[in-house]
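Structural features, examined
As a plain string of letters, each chain reads:
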Amino acid sequence: MGIFDRALGAIAPGWAVGRARNKMLLQAYEAAHPSRLHKAKREGRSADTAVFAAGVSLREQARALDEDHDIVIGMLDKLEERVIGAQGIQVEPQPLDVNGKLHEGVAAQISALWSEWSVRPEVTGMFTRPEAERLALRSALRDGEIFTQLVRGPVAGLKHATNVPFSLELLEADFVPMSLSSNAGQQVRQGVILDAWGKPAGYRVYKYHPANMTRFSAELKTVSADSMLHLAMRRRLHQVRGISLLHGVIKRLSDIKDYEESERVAARIAAAFGFYIKRGDAATFSDDDWKPGEQKYRQFDIAPGMIIDDLAPGEDLGMVESNRPNVHLHEFRNGQLRAAAAGSRVTYSSIARDYNGTYSAQRQELVEGQEGYNVLQQWFVGQHARPVYRAWLAMALLTMDLPPDVDRTTLFNATYLGPVMPWIDPIKEASAWKAILRGGAGTEAEWIRARGQSPQEVKKQRLRETEFNRKNGLVFDSDAANDKGAMPDATAKPDDKRREPDDDD
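Residues numbered from 1 in each chain as written. Predicted model: local features only at pLDDT ≥ 70, side-chain atom pairs only at ≥ 80, totals over all residues. Heavy atoms only, no water.

1. Side note on the nonpolar core
Among soluble globular proteins, nonpolar side chains are generally buried collectively. Ranked by size, the top nonpolar core spans 63 residues in total, and within it L141, F166 and W392 carry the most contacts. For this core, the element with the most residues is helix α10 (residues 359–396), which contributes 13 residues. With residues near it in sequence (within four places) discarded, W392 still touches I110, L113, W114, W117, V164 and F166. If you look at the next biggest cluster of nonpolar residues, it comprises 12 residues, including F147, L194, Y203 and M228. (Core = buried A, V, L, I, M, F, W, Y, C linked by side-chain atoms within 4.5 Å. Buried < 20%, exposed > 50% of the residue type's maximum accessible area, 1.4 Å probe, protein only. Helix = DSSP H or I, 4+ residues; strand = E, 2+ residues; numbered from the N terminus. Contact = heavy atoms within 4.5 Å.)

2. As for the sheet that holds strand β5 (residues 192–194)
Sheet strands line up and pair through hydrogen bonds in the backbone, either parallel or antiparallel. As summarised here, the arrangement of the four strands in space is β4-β5-β6-β7, forming an open sheet in which the pairing is antiparallel. Two strands close off the open sheet at either side, each with one partner strand: β4 (187–189) and β7 (220–224). Across this sheet, the average inter-strand angle for adjacent strands is 30°, counted without regard to direction. Bridging between strand β6 (residues 200–206) and β7 involves five bridges; their strand directions are antiparallel. Paired with Y203 across the two strands is V223, which belongs to β7. (Pairing = 2+ DSSP bridges. Axes fitted to C-alpha atoms, helices over the stretch in contact; angles between N-to-C directions.)

3. Thoughts on the side chain of H209
With respect to the secondary-structure elements, H209 resides in the loop between β6 and β7. Within the structure, H209 has its side chain in polar contact with the backbone nitrogen of A211 (distance 3.0 Å). In this structure, H209 is in contact with E172, D174 and F175, ignoring residues within four places of it in sequence. (Polar contact = N/O pair within 3.5 Å; in protein donor to acceptor, adjacent residues only side chain to side chain.)

4. Concerning the confidence of the model for the protein chain
The predicted model of the protein chain averages 85 in pLDDT, with 88% of residues at 70 or higher. Within the model, the stretch residues 482–487 combines pLDDT values under 50 with eight contacts to residues more than four positions away or in other chains. pLDDT under 50 marks residues 496–501. Its contacts with residues more than four places away, or in other chains, come to four contacts. (pLDDT = per-residue confidence, 0-100.)

5. Some remarks on the sheet that holds strand β3 (residues 166–172)
The strand order across the open sheet built from three strands is β3-β2-β8, with neighbouring strands paired in antiparallel fashion. Only two strands of the sheet have a single neighbouring strand rather than two, namely β3 and β8 (228–232). Sheet twist, expressed as the mean angle between neighbouring strand axes with direction ignored, is 20°. Of the strands in this sheet, β2 (145–152), β3 and β8 touch helix α6 (residues 129–143), which is tilted by about 140° from β2.

The structure is reproduced here in structure tokens:
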């Protein structure tokens, strides 16, 4: 209680009590009030204002780390592997016939066209679809966003790679100027044209990369929203542009890089020292003791088992003891990497490449980390892979002859498959799935998809293998004989199958 409060309490106790009560109400949460030990940093700006102030800087810092920092390179590589994978996002068309069953003929026709288009899907012809998807994901995570223009139909100077007149143009975040905003005529916020409800209606796009030194142009074009996909990493509502996934860990990652570099240099310097010769004390050593033309410092060729027997009177030989490398470096570095993993949806083991631990511990980390990968996977599918497939299919249907028994309202039905959680111990995983299937709690299709495979393709291959094995009298565990020892004919009709002998026979 201050001097004023004590004086007020003596003169007007009621007022003093009311003043104290009001002060307590104003200080309901101590975290809301800055102090010597609590800075209480606050963010009261809108999402767009914050991104405008820091988005470009964070993007460029993240790019620099992706170029030079092995840990960041590994983080983004791992996210590519676990979200997109080597085969890209696999799409299984699911068109139905008029009876509600999968129309396998149309599904196979769409799949064949999709596979052909996936060889060269984008305008430069430099990337396959899996490569383009991995680059798109990496750019969106590192830079915070990426734009993809859907190029449909005949375009001057562009030759589509397949008979389906559809291609993609992948554009880095720099192509849409962050600094372009206007309320004159149409609302333009950070290069994005918005309607009255804040929905993107178009994008203002540079014709060439603004940092391209060989072909610079400030000319802009407008791309409508139905021809542009915006894969953005958003952290707040009403946020138009994206923010880098690394925004919260950039300082930590930069410090780790600088610290490790300092430790490496210190270790190199320490390793360069061998031994020293002590010549008495400072009072006994003088430059006058050395004659002109005489070598002031001696050099020794160090070899195993060497003996130094030419020490002068008063000289002593001492070894340089180094405390490098730092014995605590590993522990400190791993602690920092755990914190970096917590802020980037990447597991610690994947960043540090540290896979020590029991099966249960590894599986626990894998299960928890996989949900983070699934979140990013569904984000990528919803904002990029699905719109791309549907836009492509709309153009592909113009070149297809569809049978009359297909339900046209289901032509865009599809299943999107990305990398699944890997198996740590295949025997334990397989045993668990067998128990799930036998208990009726799962399906064969779920098991197959859990291995990252297509149920339709696996069934087709199994059918072909089974028919071949039975035709040639081959028996394996996957197609064992029945308990009577007879091999059923998979190609025979039900009426043609021979009756198995019973006990009466």
